[in-house]
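# Examination of the molecular architecture
Each chain is listed here by its residues.
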Amino acid sequence: MRNAALMLGIIGGLIAMLVGFFGYGYTEVVQRHSEVGEMFGNFDRPELIRFASFFAPILAIAGGAMAKIRALWGGALMLIAGGLVYYAFGFGVFTMFPIGFLLLGGVLALAAGKPDEPKAHF
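Residues numbered from 1 in each chain as written. Predicted model: local features only at pLDDT ≥ 70, side-chain atom pairs only at ≥ 80, totals over all residues. Heavy atoms only, no water.

### Concerning the overall build of the chain
Helix and strand counts for the chain come out as five helices and zero strands. Listing every helix and strand of the chain by position from the N terminus yields α-α-α-α-α. Across its three principal axes, the chain shows a C-alpha extent of roughly 60 × 20 × 20 Å. Buried residues in the chain amount to 36% of all 122 residues. Taking the intrachain contacts of the chain between residues at least 6 apart in sequence as the baseline, contacts between residues at least 24 apart amount to 67%. (Helix = DSSP H or I, 4+ residues; strand = E, 2+ residues; numbered from the N terminus. Buried < 20%, exposed > 50% of the residue type's maximum accessible area, 1.4 Å probe, protein only. Contact = heavy atoms within 4.5 Å.)

### As for the nonpolar core
Counting residues in hydrophobic clusters, the biggest one holds ten residues: A5, L8, A60, A67, A71, M78, A81, L102, L108 and A109. Those elements that provide at least two residues to this core are α1 (2-32), α4 (71-89) and α5 (96-111). Beyond its immediate chain neighbours, meaning those up to four positions away, L8 contacts F101, L102, L104, G105 and L108. By size, the runner-up hydrophobic cluster in this structure holds nine residues, among which are I49, A56, A88 and I99. (Core = buried A, V, L, I, M, F, W, Y, C linked by side-chain atoms within 4.5 Å.)

### Concerning the packing of aromatic side chains
For the structure shown, the criterion picks out four aromatic pairs. Ring geometry for F97 and F101: centres 6.1 Å apart, planes at 55°, overall tilted. With F97 and F101 both in helix α5, this residue pair falls four residues apart, about one helical turn. On the basis of relative accessible area, F101 is assigned to the partly exposed category, the value being 26%. Through a chain of ring-to-ring contacts, three or more aromatic side chains come together here, namely F51, F54 and F55. Directly above the ring of Y24 sits R50, whose terminal nitrogen or CZ lies 5.6 Å from the centroid. Against the face of W73 rests R70, its NZ or CZ located 5.8 Å from the ring centre. (Phe/Tyr/Trp six-rings, centres within 6.5 Å; stacked < 30°, edge-to-face > 60°. Lys NZ or Arg CZ within 6 Å of the ring centre and 35° of its normal.)

Right, dumping it as structure tokens:
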């Protein structure tokens, strides 16, 4: 379960990074060229999009990397990252896979209650 959580966290973080690049880039374009925002729409809170675009992939990749040794911390970071992606971007065609990967990876990491090595992490 820890290996699956590791892979899901890293893959979900990489996909969330792509979503974050486009989200952050769109807020920058709308800030510099307001007519783009008038034509295609604008975000209600661009600072939330920028925050989530930066921190959600970092939390996801760090949580995935930690899932093998520190499953509790890694799982918590992946759940926070999945929730942050959902809160900032919503559930749509481009966010369903990162959200699903991160939430499933977080649950799998937390479900790996007994550590494989004798050192407890809870």
